[in-house]
Amino acid sequence: MPTNVTQKDQTLQQVIDWCKSMQADINLYLSGAHWLDPVSRVMELSKKKAYGKVIEYCESMLGYGGSMPLEVANQSEDAK
């Protein structure tokens, strides 16, 4: 289980890459499967869409989701 943001982002990126690979495999399969019946073709396209949804979700969880301040007021060691 990831313990910090960097590890979390790396894990999410691995999932994103895997989903993109699976989508590419489906594209390759469909490009050569001219014999495939319409129902099976729709099922494959549905799987591809599901991988896309997982990609979108993982991308939404990458990083902090906002900009981090460069400096926080009154938090330095010299603050009185």
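Being a predicted model, the structure only gives us computed values, none of them experimental.

J.: I would appreciate a short explanation of the environment of D37 in the present structure.
T.: With respect to the secondary-structure elements, D37 resides in the loop between α1 (5-32) and α2 (38-61). On the basis of relative accessible area, D37 is assigned to the partly exposed category, the value being 37%. Of the polar contacts made by the side chain of D37, one reaches the side chain of S40; its length is 2.9 Å.

J.: Is there a simple way to explain the nonpolar core in this structure?
T.: For soluble globular proteins, nonpolar side chains are generally found buried alongside one another. By size, the foremost hydrophobic cluster in this structure holds 10 residues: L12, I16, C19, I26, L30, A33, L36, Y51, I55 and C58. Looking at this core, the elements that each hand over two or more residues are α1 and α2. Apart from the residues lying within four places of it in its own chain, the contact partners of L12 are C58, M61 and L62.

J.: What is the right way to read the side chain of E44 from this model?
T.: With respect to the element layout, E44 can be found in helix α2. Other than its neighbours up to four places away in sequence, E44 contacts I26, Y29, L30 and L36.

J.: Even after reading the chapter, I still don't get α1, so can you show me in this structure?
T.: Since the α-helix advances by 3.6 residues per turn, residues separated by three or four positions end up pointing in the same direction. Spanning 28 residues, α1 covers 41 Å between terminal C-alpha atoms, matching the ideal 40 Å at 1.5 Å per step. Of the surrounding secondary structure, the elements contacted by the buried residues of α1 are α2.

About the criteria used
- Residues numbered from 1 in each chain as written.
- Predicted model: local features only at pLDDT ≥ 70, side-chain atom pairs only at ≥ 80, totals over all residues.
- Heavy atoms only, no water.
- Helix = DSSP H or I, 4+ residues; strand = E, 2+ residues; numbered from the N terminus.
- Buried < 20%, exposed > 50% of the residue type's maximum accessible area, 1.4 Å probe, protein only.
- Polar contact = N/O pair within 3.5 Å; in protein donor to acceptor, adjacent residues only side chain to side chain.
- Core = buried A, V, L, I, M, F, W, Y, C linked by side-chain atoms within 4.5 Å.
- Contact = heavy atoms within 4.5 Å.
- Expected span 1.5 Å × (residues − 1).

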